[in-house]
Amino acid sequence: MKTTTRVLSLAMALVMSVGMLAGCGDKPVSSTPAAGEAGSESSAAAAESSKPVEISIAIWGAEDGLSGGENDKVLKTLEEKTGVRLVAQNVTWDDAEQKIQLWATNGQLPDIFCGDFVGKSFFFNWVEQGVIRALPDDLSAYPNLKEYLTMERAVAAKQNGKYYMIPRQTYGDISYSVQDRNVVYRWDLAQKAGVTKEPETYDEFRDMIKKIIAADPEGKKISGMTQALPQLLGGFIYPYGGIIDKKWVEKDGQFMPSYFAGDLKASMQLARDMYKEGTIEKDIALAKLDTSKEKFLQGQSAAMVFAGSGPAWLYNQIGRDYETLYGRKFLDDVRIAKLYPGADGKKYYFVDTESWSESYISSKVDDEKMTAICRLFDFLYSEEGIRLVFCGIEGEDYEISGRMTVMKDGVVLADKYPFMNPNSNINSLAMWNPSDWNSTFPSNNPAEYRSLNDARHEDAVNNGTLSKYYDAIMFLSTPLKDKFVYNTSDDLMQIMMGTESVDKMVDDLIAQYEVKGLSSMLKEVNEAAAKAGISK
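The residue numbers shown here count from 1 along each chain, following its written sequence. pLDDT decides what is reported in this predicted model: residues at 70 or higher carry local features, side-chain atom pairs at 80 or more are listed and counted, and totals for whole chains, interfaces and linings draw on all residues regardless. Hydrogen atoms and water are omitted, and side-chain values are computed over all heavy atoms in the structure.

S.K.: Got a minute to help me understand the sheet that holds strand S6 (residues 182–186) in this structure?
M.R.: Sheets are built from strands that pair by backbone hydrogen bonding, the pairs being arranged parallel or antiparallel. Pairing within the open sheet is mixed, and its 4 strands lie in the order S7-S10-S6-S11. In the strand order of this sheet, the two ends are held by strand S7 (223–227) and strand S11 (334–336), each with one partner. Adjacent strand axes in the sheet meet at a mean angle of 20° when their direction is disregarded. The pairing criterion for strands is at least two bridges between them, as found by DSSP. Each helix is a run of DSSP H or I of at least 4 residues and each strand a run of E of at least 2, with the numbering of both proceeding from the N terminus. Bridge count for S6 against S11 is 3 bridges, and the pairing is antiparallel. Counted as the bridge partner of valine 184 is isoleucine 336 from S11. In the packing of helix H13 (residues 289–297) onto the sheet, contacts are made with S6, S7, strand S10 (301–306) and S11, and the angle to S10 comes to roughly 140°. Axis lines are fitted through C-alpha atoms, for helices just across the contact stretch, and the angle between N-to-C directions can take any value from 0 to 180 degrees. The contact criterion used throughout is that any non-hydrogen atoms of two residues lie within 4.5 Å.

S.K.: Whenever I open this one, helix H6 (residues 121–129) confuses me. Can you help?
M.R.: An α-helix turns once every 3.6 residues. As a result, residues three or four positions apart point the same way. For every residue, the accessible area (1.4 Å probe, protein chains only) is compared with the maximum for its type, and the residue is labelled buried under 20%, exposed over 50%, or partly exposed between those bounds. When H6 is considered as a whole, its buried residues turn out to be Ser121, Phe122, Phe123, Phe124, Trp126 and Val127. On its buried face, H6 sits against helix H5 (96–106), strand S4 (112–115), strand S12 (358–361), helix H20 (471–474) and helix H21 (479–483). Note on H6: the residue one or two positions beyond its end, glycine 130, has a positive phi of about 75°.

S.K.: Sorry if this is basic, but what is going on with the packing of aromatic side chains here?
M.R.: How two aromatic rings sit relative to each other is set out by the distance from centre to centre and by the angle between their planes. Pairing of aromatic rings covers Phe, Tyr and the six-membered ring of Trp, with a centre-to-centre limit of 6.5 Å; geometry is then stacked below 30 degrees between planes, edge-to-face above 60, and tilted otherwise. Per the stated rule, a full pass over the model turns up 41 aromatic pairs. When the centroid spacing of 6.0 Å and the interplanar angle of 85° are considered together, the rings of tryptophan 126 and tyrosine 360 count as edge-to-face. Here tryptophan 126 is found in helix H6, whereas its partner tyrosine 360 is found in strand S12, with 234 residues between them in sequence. As far as burial versus exposure is concerned, tryptophan 126 and tyrosine 360 are alike and both buried.

S.K.: Explain the packing of helix H4 (residues 73–82) against helix H17 (residues 383–391) here, please?
M.R.: Packed helices, taken two at a time, are described by their axes: the angle between them and the distance between them. Two numbers describe how H4 lies on H17: the axes approach to 9 Å, and their chain directions differ by 155°. Here H4 lies roughly antiparallel to H17, going by the angle between them. Once H4 is placed against H17, the crossing between them reads as left-handed. Judged by residue contacts, Val74, Thr77, Leu78 and Lys81 of H4 engage Glu384, Leu388 and Val389 from H17. If an angle is under 35 degrees, it is roughly parallel; if it is over 145, roughly antiparallel; if it lies from 65 to 115, roughly perpendicular; otherwise it is oblique. The handedness criterion is simple: a crossing whose near helix is rotated anticlockwise from the far helix by less than a right angle is left-handed, and one whose near helix is rotated clockwise is right-handed.

As structure tokens, this is what we get:
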């Protein structure tokens, strides 16, 4: 990385006040800390322990992140401060949800695991069946964790008055979630194919991709759009029908999943058309992270849907390799698709949450481990902990100037510490890296990449449409809702690649959901919502 001096405002850390303590589990680990000292208190308690508590953990790429062992100063410091030794039970982006659900079924869950599970039917089943363990009622021994859990999403998701998950904060507000679904395309090839204007509609985008395929400027038999990960395509397709597939909205006087409230036929028709004409490549259902990135890098895919953490994600994943391979600046050749108007003319965008994904604790965790886990999270939510996992070692990687953190010249955290390498999310166990949305936070991504994140967010704020949604309904548990399962990604693939008319396949799909109890479920949920006082 080029020599830089970066200034960090630890805004997130500063909003985390500290308070009193009592007990997490059976063994309080420290006396009452002064404000800002909770991390040190946890550290002192951990240091007194003769033997670290071994905690198994499943988070994307944990094995890579923990590979540095004693030689990784950040990991070593974290373990010394908390008295916890982290052991990877590895999952990848391709297999995490399947593995975790399997482990939950056969009793092999690690002590801590992460995923996007809250509000899904199996989350409620896990609570009812005792698969996951709630945090202790009294968290006052861990003031940073206690304060963090006052966030609206955490409180709204409580079951029976208990916290069964810890949200992993992603963004400052919901509009930043537009960064979770992006499309990157080869603008240089489009220009060589005769395109003179960047697309501003779905149709213009399709036309551009068709021209790239037809011209095949590099002679590589280039194909249409792929996706970096399975199940991302919907984030590009469903907004065309005004669908925010993870949220509940109100339509015709009742709450329902947005999936059933938007223009599903318009979205499915768009997908079918793009698939048939090849602007969505034929093997997209088989897309895997490494192969899709390589295809885009090699110029074999004209575009790619990706998630990551906004366009800045491209730097480490493709940008550097692209510039080595082609000898040209990556950002001179590629563009990020803007928000395109949907079937009704409004520019809807992918919406996830301010806290995409959560951390869970296995019910097999005993009180000693629960105490250690609370201590770990309390440290990770302390100012000291946030600095450690996102900025490195004070004095070696950065200096403090007042409330600002100034990175030292030449420090590349991702190269220096396996714990912070981009192929692992272990350093984001408690929250995602704030640098993905807060440009004042330090990052090893070049400023020009980071500015793409800002531009993407500004596009959503200034030009996008955000439908009103109700997370209180998503977290509401009712018997029929907990059992009702719908899979927007599988539905999309089935209809996109189908042979019958889209209208018929969508009608058949809805009929199938009716057989599964869609209307009865909606009636039950709306009655429960009224009883709970949730207003539209």
